[in-house]
Amino acid sequence: MWPGLFLQTLITGLSIGGIYALMAVGYSLVFSVLNFSNFAHGAVIMLGAYVGLALASKLSLSFGIVLAGSIAGAGLIAVLNEKLAYSSLRRRKAPSLYLMISAMGCAVFLENLVYATIGSRFYAFPEFFGRQVISIGGSSVSLLDVGAFLFALVAILGLHLFIKRTRTGIAIRAGVSDMTMCSLMGVDLDRLIAIVFLLAGGFAGVAGVFLGIKYLVYPTMGWVTNKAYIAAVIGGLGSLPGALAGGLILGVVETFVSSYISSVMRDVFSFSLLIAFLVWRPNGLWGTDSEEKV
Amino acid sequence: MKKIAVVLAAVMVFVLAGAVCAQEVISIGHTVSLTGGASMWGQSEARALDMLAKKINDAGGVLGKKIEFVRYDNRNDGVEAVNVARRLVSDGVVAVIGPAQSGNSIASAPVFERGKIPMVVTTATNPYVTIDQRSGKVRPYAFRPCFIDPFQGTVAARFAVTDLGAKKGAILYDVGSDYGQWLAKYFEEAFVEKGGTIVAKEAFRTDELDYRAQLGKIKELTPDVIFIPTSQKEAAMAAKQARDLGIEAVLLGTDNWGSPDLIELGGSAIDGGYFVNLADLADPDIQDFVAEYKALFGEEPVLPNPVMAQDALIMIVEALKAAGSTDGEKLADALANLKDIKVTSGPLTINPEDHNPLDKPAVIQQVDVANRTFKFVKKYFSVD
């Protein structure tokens, strides 16, 4: 149709995709190590958003501190979640289906806990940066979206380097390929898994704050992560570059479907994509070998 | 065996006591969203009703009996609303207040009709709440104290064309909501009739968060005004995203915008937007109510639901008095013939033909973020 619309759609799609990618990383990290889809990740994102919201609106802290607080808060919640809900199952070597069911239970539990304690009303973050809009060839994007996008890229790259270059990263990769062998070699598995959840939770905190600023904060906001799950599947569950690429691809494709076909068809399309990938390419675009992850 | 007999006897006593007690009070059902996206209004609605019921009971009740509420949370969900309706019917309530939303009301109406229990909805403005869409006939047990959407949509369109001077209009609405779908249609019809052109009509699905794909299309068509018939949550997000895309058009909404947190949620993006509402905090008619509510609960009521719920309760009370009975059929007949009664929002007469009020005005309010308030702009009594 219009050339302006094409560029605008692309920019919007990338900005949505950046957030999907941030959320997908959390799924992929946990999946790569424990081999199950942690559906409680969405609830951790939601709690991260509430932590950030409390710091921002009750204590009026600056954006950087809010983000750091949310990362720390969501990271701890994720670790706690693992200790309470998954670790005993893990030690008993329960099938990953049980872990997944436990994760779903956690998601519903945490959501209802927020309903019962904080309530169901909607909240918005204060406007940290005002409303600054950047114009690119007639298309517009807010400064926040550009910032969030770049931050997502840097954070995911940082995580990638951490896993490839550091001792702990090597331990995580060892755990990914063989957990038993890894523990025989003297790696403290509980500590290793706690670190993995801390990292996933940290990313959940970032995603929660960005989601909260872009949209709103409310108990069921975590359900948007089913899109992140699709992104993780497209990229290959367990693959970090895959999570990034999957998120961006899904964001852009969705926005184009909304703009050029029908916005009502968008989710039909996204979930068809999920089914198609699960049927024909369960390892996604990047996870070519299911043994090699992260 | 003896133990069982004792237990049975105890149960019998309770049942009998319950039956005796039931005669002492008049049970009125209340189907309301105490949780879920509409809970802000629902909670406020429940408070306002309890406040008024206490006053009525302190003054001697109705027909010599006290009124009490049987209240269930419908979570603003169509399926749950029907479950609640069934429960209320089996509880044997005399009449029902609620639901507040058109979709839930349309889903609940047949259940109450079969149970022959009059339902007085609070803020459900869709015409098909009181009229059966298939037969075109009035639903004998459905009533409301609020204006209806064709009126609201027409008021919005007229305001856009005459007061804002809009020529090109766009619509962004929720395809999953009866409320939004029909208002989009009424606005479009009235806007075109007044000489404007609708350049874009874009839909999103319920619970979707990002409307930038739709707004991107709207932006290309440079409308003067964007009509967004949604609740405050979607309106706030749509406003933020529209401004992020550099859209300068005036934003125009409907009565569901009218929640105080619209300003908090929408921030600077929603500033200057207009919307149609059922009641205005500054309306002289409701000052006593607002003062009483504030004194009791320490905060302002979340309009318009508390006011409309009180109106619904007063309608039921007046109808009970007129009918002199709690029989559903007689009560429905009395409700249909209510004339010149005094409700919280002003005077009220029900049109027996369609069970809608004859005389409910609509106000236009403007969002003023700096002063954190909705400014009164204009009041429409009719659009003829």
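On a predicted model such as this, the values are computed, not experimentally measured, just so you know. (Residues numbered from 1 in each chain as written. Chains lettered and ligands numbered in written order. Predicted model: local features only at pLDDT ≥ 70, side-chain atom pairs only at ≥ 80, totals over all residues.)

Trainee: Let's hear about the domain arrangement of chain B: which residues, and what values?
Mentor: All names here are of chain B. Considered domain by domain, chain B is made up of domain 1 (2–147 + 285–353) and domain 2 (149–277 + 363–380). For domain 1 and domain 2, the distance between their C-alpha centres works out to 31 Å. Mapped by element, the contributors of at least two residues to the side of domain 1 that touches domain 2 are helix H2 (39–58) and helix H4 (102–114). Counting residues per element, the side of domain 1 that touches domain 2 draws most heavily on H4, which supplies three residues. Each residue belonging to the side of domain 1 that touches domain 2 can be placed in one class, and the counts come to eight nonpolar, seven polar and one charged. (Domains from an automatic or database assignment. Helix = DSSP H or I, 4+ residues; strand = E, 2+ residues; numbered from the N terminus. Nonpolar A, V, L, I, M, F, W, Y, C, P; charged D, E, K, R; others polar.)

Trainee: Explain the pairing of strand S8 (residues 225–228) of chain B to me, using residue names and the numbers behind them.
Mentor: All names here are of chain B. Burial along S8 is two-sided: the residues Val225 and Phe227 and Ile226 and Ile228 are all buried. By the bridge criterion, three bridges tie strand S6 (residues 168–174) to S8 in an arrangement that is parallel. By the bridge assignment, Ile171 is partnered in S8 with Phe227. Alignment of S8 against strand S9 (residues 250–253), held across four bridges, turns out to be parallel. (Buried ≥ 20, exposed ≤ 12 C-beta atoms within 10 Å, placed from the backbone. Pairing = 2+ DSSP bridges.)

Trainee: Any details on the environment of Gly242(A)? Residues and values, ideally.
Mentor: Residues and elements named next belong to chain A. Position of Gly242 among the secondary structure elements: in helix H10 (residues 240–261). Its 28 C-beta neighbours within 10 Å are what place Gly242 among the buried residues. For the pair Gly242 and Ala231, spaced eleven residues apart in sequence, the C-alpha separation works out to 8.3 Å.

Trainee: Describe the interface of chain B and chain A, naming the residues involved and giving the relevant values.
Mentor: Each partner contributes residues to the interface: chain B has 30 residues there, and chain A has 27 residues. Where the side of chain B that touches chain A is concerned, the elements lending two or more residues are H2, strand S7 (197–204), helix H7 (212–220), helix H8 (232–244) and helix H9 (261–266) of chain B. (Contact = placed C-beta atoms within 7 Å.)

Trainee: Please give an account of the environment of Ala319(B) that cites residues and values.
Mentor: Residues and elements named next belong to chain B. Along the polypeptide, Ala319 turns up in helix H11 (residues 305–323). According to the C-beta neighbour criterion, Ala319 is buried, with 25 such atoms within 10 Å. Along the backbone, Ala319 and Ala332 are 13 residues apart, and their C-alpha atoms lie at a distance of 7.9 Å. Those residues within four positions of Ala319 in sequence are excluded, and the remaining contacts are Leu331, Ala334, Leu335 and Leu338.

Trainee: So what's going on with the environment of Gly328(B)? Residues and values would help.
Mentor: Residue and element names in this part refer to chain B. When you line up the elements, Gly328 lands in helix H12 (residues 328–336). When the C-alpha atoms of Gly328 and Arg139 are compared, they prove to be 14 Å apart, with 189 residues separating the residues in sequence. Residue contacts for Gly328: discarding those within four places in its chain leaves Lys116, Ile117 and Pro118.

Trainee: Which residues make up the sheet that holds strand S10 (residues 274–277) of chain B, and what values go with them?
Mentor: Residues and elements named next belong to chain B. An order of S7-S6-S8-S9-S10-S13-S14 is seen for the seven strands of this open sheet, with the pairing classed as mixed. Single-partner strands in this sheet number two, and they are S7 and strand S14 (373–380). For this sheet, the mean angle separating the axes of adjacent strands, direction not counted, is 25°. Across the sheet, H7 touches S6, S7 and S8, and the angle it forms with S7 is around 170°. (Axes fitted to C-alpha atoms, helices over the stretch in contact; angles between N-to-C directions.)

Trainee: Outline the sheet that holds strand S1 (residues 25–32) of chain B, supporting the account with residue identities and numerical values.
Mentor: Two pairing modes exist for strands in a sheet, parallel and antiparallel, and in both the strands are linked by backbone hydrogen bonds. Residue and element names in this part refer to chain B. Across the sheet, five strands lie side by side as S2-S1-S3-S4-S5; this open sheet has parallel pairing. With partners counted over all chains shown, the strands left at the sheet margins are strand S2 (66–73) and strand S5 (142–143), one partner each. Sheet topology places strand S4 (residues 119–120) next to S5; two bridges connect them, and they run parallel. If you follow Met119 over to S5, its bridge partner there is Ala142. Where H2 meets the sheet, its contacts fall on S1, S2 and strand S3 (95–97), and the angle it forms with S2 comes to roughly 165°. Across the sheet, H11 lies against S1, S3, S4 and S5, angled at about 165° from S3, the strand it touches most.

Trainee: Can you tell me about the nonpolar core, naming the residues and giving the values?
Mentor: The biggest cluster of nonpolar side chains holds 214 residues, and the ones touching the most others in it are Ala21(A) and Ile226(B). Summarising the domain contributions, this core has at least three residues from each of domain 1 (2–147 + 285–353) and domain 2 (149–277 + 363–380) of chain B. If we skip the residues at most four places from it in the chain, Ile226(B) touches Ala170(B), Leu172(B), Ile218(B), Ala242(B), Ala249(B), Leu251(B) and Leu252(B). (Core = buried A, V, L, I, M, F, W, Y, C linked by C-beta atoms within 7 Å.)

Trainee: I'd like a description of the packing of H2(B) against H11(B), backed by residues and values.
Mentor: Residues and elements named next belong to chain B. As a packed pair, H2 and H11 sit with axes 8 Å apart at the nearest point and diverge in direction by 40°. In terms of their interaxial angle, H2 and H11 are classed as oblique. At the point where H2 passes H11, the crossing takes the right-handed sense. Taken together, the residues of H11 that come into contact with H2 (itself represented by Trp41, Ser44, Glu45, Arg47, Ala48, Leu49, Leu52, Ala53 and Ile56) are Asn305, Pro306, Ala309, Gln310, Leu313 and Val317. Taken together, the residues of the contact of H2 with H11 break down into ten nonpolar, three polar and two charged. (Parallel < 35°, antiparallel > 145°, perpendicular 65-115°, else oblique. Left-handed = near helix turned anticlockwise from the far one by under 90°.)

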